[in-house]
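# Residue-level structure breakdown
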Amino acid sequence: IESLQALIDEIGATRPRNDIEINIMLLQGHRSAIVASNVPDNIGANSVYEHRDLLAALERGEPITFIGRDDDSGSEPPPHASSPDHYIRPGQRFISITTPLVANGRRMGSINTKLSLSEIDREMSRIRGGILLLGAVLPAVALLLFLWAVQRGLRPLHRLAAEIGQVGSA
């Protein structure tokens, strides 16, 4: 467990703050508990949601992945950590991957990694804003171009009408 904790600390140190949360959970009878984490307040905690994901990952023998929000009812409970070092903030969307932890053919627990989607959400918001701006500006530019083209196209007709008027009055 100590070597796993050192590895988690090393990974956490390479990531921006509030970006990633890594928990290693071990089965303890019909329950599970976090034995290593990059969020110190998580160690020793047991979550019904993460235990459910742990069992599903072990049963399927492959990772369980979902996207949730830290405060969605039914997906994740409110965070246990109250320290400013808590990696996934309340309300933050994240992708969660629960991978089975099997040693010597024995199902031991899981490694749960939550990666914040805040950077992706910011980028998507910026793109949406650009699309909305383009959607508002593009019709106005198209209308101005249409009016300019019509005015320019009608110029020869105006000249012709003026010349006919001069011929008719002469």
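Analysis parameters
- Residues numbered from 1 in each chain as written.
- Predicted model: local features only at pLDDT ≥ 70, side-chain atom pairs only at ≥ 80, totals over all residues.
- Heavy atoms only, no water.
- pLDDT = per-residue confidence, 0-100.
- Helix = DSSP H or I, 4+ residues; strand = E, 2+ residues; numbered from the N terminus.
- Contact = heavy atoms within 4.5 Å.
- Buried < 20%, exposed > 50% of the residue type's maximum accessible area, 1.4 Å probe, protein only.
- Polar contact = N/O pair within 3.5 Å; in protein donor to acceptor, adjacent residues only side chain to side chain.
- Expected span 1.5 Å × (residues − 1).
- Arc of directions from axis to C-beta.

## Observations concerning the confidence of the model for the protein chain
- On average, residues of the protein chain score 80 in pLDDT, and 86% of them are at 70 or above.
- Per-element confidence in the protein chain ranges from a low mean pLDDT of 80 for strand E3 (residues 64-69) to a high of 89 for strand E2 (residues 31-37).
- Taken as a whole, residues 72-86 scores under 50 in pLDDT and shows 35 contacts with residues more than four places along the chain or in a different chain.

## Quick word on the side chain of His 51
- Note on placement: His 51 falls in helix H2 (residues 48-60).
- Exposure remark for His 51: the relative accessible area of 14% places this residue in the buried category.
- Within the structure, His 51 has its side chain in polar contact with the side chain of Ser 32 (distance 2.8 Å).
- Here His 51 is in contact with Met 25, Leu 27, His 30, Arg 31 and Ser 32, once residues within four sequence places are set aside.

## What about H2?
- Its 13 residues give H2 an end-to-end C-alpha distance of 18 Å, which sits within 8% of 18 Å, the value for a rise of 1.5 Å per residue.
- Turning to H2, its buried residues are Glu 50, His 51, Asp 53, Leu 54, Ala 57 and Leu 58. For H2, the buried positions fall inside an angular range of 160° around the axis, keeping them on one side. In H2, the exposed positions that point more than 90 degrees away from the buried face belong to Val 48 and Glu 59.
- Each element contacted by the buried residues of H2 is listed here: strand E1 (20-28), E2, E3, strand E4 (93-103) and strand E5 (106-116).
- Where H2 terminates, the next one or two residues include Gly 61, which has phi positive at roughly 75°.

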